Amino acid sequence: MAEKSQAEQLAEPFDEMLIFPRSIGGKQFDFVNVAEYIARLNKVVGTGNWNYEILKCHVQPEYKDNVIAHVRIVANVDGQVAVKEAYGGTKIKMLKSGE
């Protein structure tokens, strides 16, 4: 059996144990922790062969205590430059001092 290409490895679904539902602003989403994406990119293409850029980051009124980010990933995949943009978010964590 031939070895899978980097693109095929990156496209593999995440293990069900790593996917969990998350409710933001009354909407339900399937969520995978960003650390899992980073680990997969590092494993498949290597730490020096990908980068990310945060294009926009904001709090939308309907999502109240959640920050939403628009992110672009650029990676060298199978010898070609691949670009993917996506949105992600997380709950805003407040320090005890209120900052």
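Structure's up top.
Residues numbered from 1 in each chain as written. Predicted model: local features only at pLDDT ≥ 70, side-chain atom pairs only at ≥ 80, totals over all residues. Heavy atoms only, no water.

## Side note on the sheet that holds strand β3 (residues 50–58)
Pairing within the open sheet is antiparallel, and its three strands lie in the order β3-β4-β5. Two strands lie at the open edges of the sheet, namely β3 and β5 (80–91), each paired on one side alone. The sheet shows a mean angle of 20 degrees between the axes of neighbouring strands, taken without regard to direction. For β3 and strand β4 (residues 66–77), the ladder comprises eight bridges, and the chain directions are antiparallel. Pairing of tyrosine 52 across the sheet is with isoleucine 73, part of β4. (Pairing = 2+ DSSP bridges. Helix = DSSP H or I, 4+ residues; strand = E, 2+ residues; numbered from the N terminus. Axes fitted to C-alpha atoms, helices over the stretch in contact; angles between N-to-C directions.)

## Quick look at unusual backbone geometry
Notably, aspartate 78 is not glycine yet its phi reads approximately 55 degrees, a positive angle. Classification of aspartate 78 as partly exposed rests on a relative accessible area of 40%. (Buried < 20%, exposed > 50% of the residue type's maximum accessible area, 1.4 Å probe, protein only.)

## A few points about the pattern of salt bridges
Between side chains of opposite charge, pairing is possible as soon as their charged atoms come close. Per the counting criterion, the structure on display carries three salt bridges. Of the charged contacts in the structure, one is a salt bridge between glutamate 12 and lysine 4, with a shortest N-O distance of 2.6 Å. Take glutamate 12: its relative accessible area is 31%, and that puts it in the partly exposed class. By relative accessible area, which is 45% here, lysine 4 ends up partly exposed. Linking glutamate 85 and arginine 72 is a salt bridge whose minimum nitrogen-to-oxygen distance equals 2.8 Å. Of this pair, glutamate 85 sits in strand β5 while arginine 72 sits in strand β4; the two residues are 13 residues apart in sequence, bridging distant segments of the chain. Look at the salt bridges and you will find they share partners, linking Glu53, Arg72 and Glu85 into a network. (Salt bridge = Lys/Arg side-chain N within 4 Å of Asp/Glu carboxyl O.)

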